[in-house]
Amino acid sequence: MLKETLLILALTATALAADYDPYLDIPFKRLKTSAERIESHGYPAETHEVETEDGYVLNMFRIPYSPKLGNAGQAQRPAVLIQHGLFSCSDCFLLNGPDNALAYNYADAGYDVWLGNARGNIYSRNNTRINTNHPYFWAFSWHEIGAYDLPAMIDHILATTGEKAVHYVGHSQGCTTFFVMGAERPEYNAKIKTAHMLAPPIFMGNTTTDIILAMADYVGSPGLGAELLQNQVFLPMNPIIQRILDTACSNDPYLLNYCKILAMMWGGDSEGNLNVTLLPQVAETHPAGISTNQGIHFIQSYVSNEFRQYDWGPKKNKATYGSEVPPSYDLTKITSKLYLYVGLADESANVKDVARLPPLLPQLEELYEIPDETWGHLDFIFAKQVKSVINDKVIATSEAYDRLYNN
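Residues numbered from 1 in each chain as written. Predicted model: local features only at pLDDT ≥ 70, side-chain atom pairs only at ≥ 80, totals over all residues. Heavy atoms only, no water.

Draft legend 1. Looking closely at the sheet that holds strand β1 (residues 46-51). On the basis of which strands lie adjacent, the open sheet formed by 8 strands has the order β1-β2-β4-β3-β5-β6-β9-β10 and mixed pairing. Two strands lie at the open edges of the sheet, namely β1 and β10 (364-369), each paired on one side alone. Averaged over all adjacent pairs, the angle separating strand axes in this sheet is 20°, with direction ignored. Pairing between strand β3 (residues 79-83) and strand β4 (residues 112-115): 4 bridges, direction parallel. For Leu 81, the partnering residue across the bridge sits in β4 and is Trp 114. Helix-sheet contacts for helix α15 (residues 386-406) involve β5 (166-171), β6 (192-198), β9 (338-342) and β10, and the interaxial angle to β6 is about 165°. (Pairing = 2+ DSSP bridges. Helix = DSSP H or I, 4+ residues; strand = E, 2+ residues; numbered from the N terminus. Axes fitted to C-alpha atoms, helices over the stretch in contact; angles between N-to-C directions. Contact = heavy atoms within 4.5 Å.)

Here it is, written out as structure tokens:
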């Protein structure tokens with residue numbers, strides 16, 4: 001019951017303040033940007049705006065070098081793009097601090113680090129053609145993020161740095177969108193050195209996440225439920241939601257338990273190895289805002305047990321795709337060097353579903369099961385031991401590639 005209550009509160013806040021701009025005049029406290037978080041730890045930070053083919057303006061944050069490297073920071077460095085999951089933003093790869101967060105670990109290893117933000121989240125809520133209050137602004141799912149956002153960000157990185165290809169790390173939806181890009185824009189496979197998929201929700205037939213199971217009968221197939229909910233903002237960051245989460249995520253042990261449960265709504269029911277001391281910081285910018293279509297699309301993946309495009313119903317599918325059933329993504333077109341990382345306690349990217357991928361991927365280098373039976377979905381970014389379990393391995397693989405091909 002508590003999950004449902006918190007969801008209702010969040011939805012109510014969404015309805016009351018869906019068009020609130022979090023950077024104009026927040027009466028409670030001003031939000032830190034990713035750049036400010038980076039600079040607070042002594043690292044240089046840059047903010048870059050990137051426009052997609054369909055007019056969305058995306059904010060990217062860059063750590064051009066680590067101050068720990070001295071003059072070496074001025075040398076040409078390989079670039080890495082790190083992409084967040086559903087409900088999230090670039091902050092998630094910073095909150096674990098300079099010793100343990102993936103972005104800082106990559107910078108300290110000598111990389112030019114770029115943090116992406118998908119359309120619709122707090123950093124990317126602008127379009128040169130459409131106002132955010134118009135339902136057409138929110139008429140996208142994770143398909144468009146993969147087909148348009150990721151290519152635009154990659155091209156910007158290459159144009160800015162002079163590199164010919166980048167390393168890529170995605171968490172959750174950051175994996176889903178990468179698979180969309182690789183299948184729908186196969187020319188971008190050549191622009192990827194290594195691609196690391198942390199908790200990839202591609203096939204989702206074995207998902208056990210409560211919110212997906214609860215909503216499957218209502219929006220998992222085309223019908224009135226999906227039609228009522230699609231093409232609108234869901235869970236934007238605004239001061240009302242921030243007040244709810246700040247209270248729930250206070251240091252009071254009783255209230256902190258509420259915040260844990262809210263986090264489980266996002267990442268699954270298992271607390272796993274979550275560093276709960278980060279939750280007050282997570283609440284400052286999470287949930288970061290998505291289109292309802294993104295959530296519906298994931299629920300459709302659970303119901304169909306296929307990895308395919310958004311299902312609008314037979315009539316609109318026929319007009320959009322030329323068939324009554326949405327087409328499946330051709331995973332054999334993904335020729336990037338792929339590394340899959342899966343947690344045995346991950347309820348969103350179930351190990352059985354991930355096991356379907358290897359025969360379909362031409363350049364799968366490794367499927368790595370975390371040797372910890374309690375490792376869950378959010379542990380890939382917020383676990384206490386994430387550096388030793390995930391980050392070090394991901395970065396070592398990137399370094400090995402660069403050593404081999406640079407020589």
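Next comes the rest of the account.
Draft legend 2. Fine view of the pairing of strand β2 (residues 57-63). Counting buried positions along β2 gives 7 out of 7 residues, so the element sits mostly inside the fold. Side chains Val 57, Asn 59, Phe 61 and Ile 63 project from β2 onto one buried face, and the interleaved Leu 58, Met 60 and Arg 62 project onto a second face that is buried too. Two elements, β1 and β2, share 6 bridges in a ladder whose sense is antiparallel. Note on β2: the bridge partner recorded for His 48 is Met 60. As consecutive antiparallel partners, β1 and β2 are separated by 5 residues, and within that stretch Gly 55 has a phi angle of approximately 90°, a positive value. Bridging between β2 and β4 involves 3 bridges; their strand directions are antiparallel. Each residue of the ladder has a partner; that of Phe 61, found in β4, is Leu 115. (Buried < 20%, exposed > 50% of the residue type's maximum accessible area, 1.4 Å probe, protein only.)

None of this, on its own, says anything about what the molecule does.
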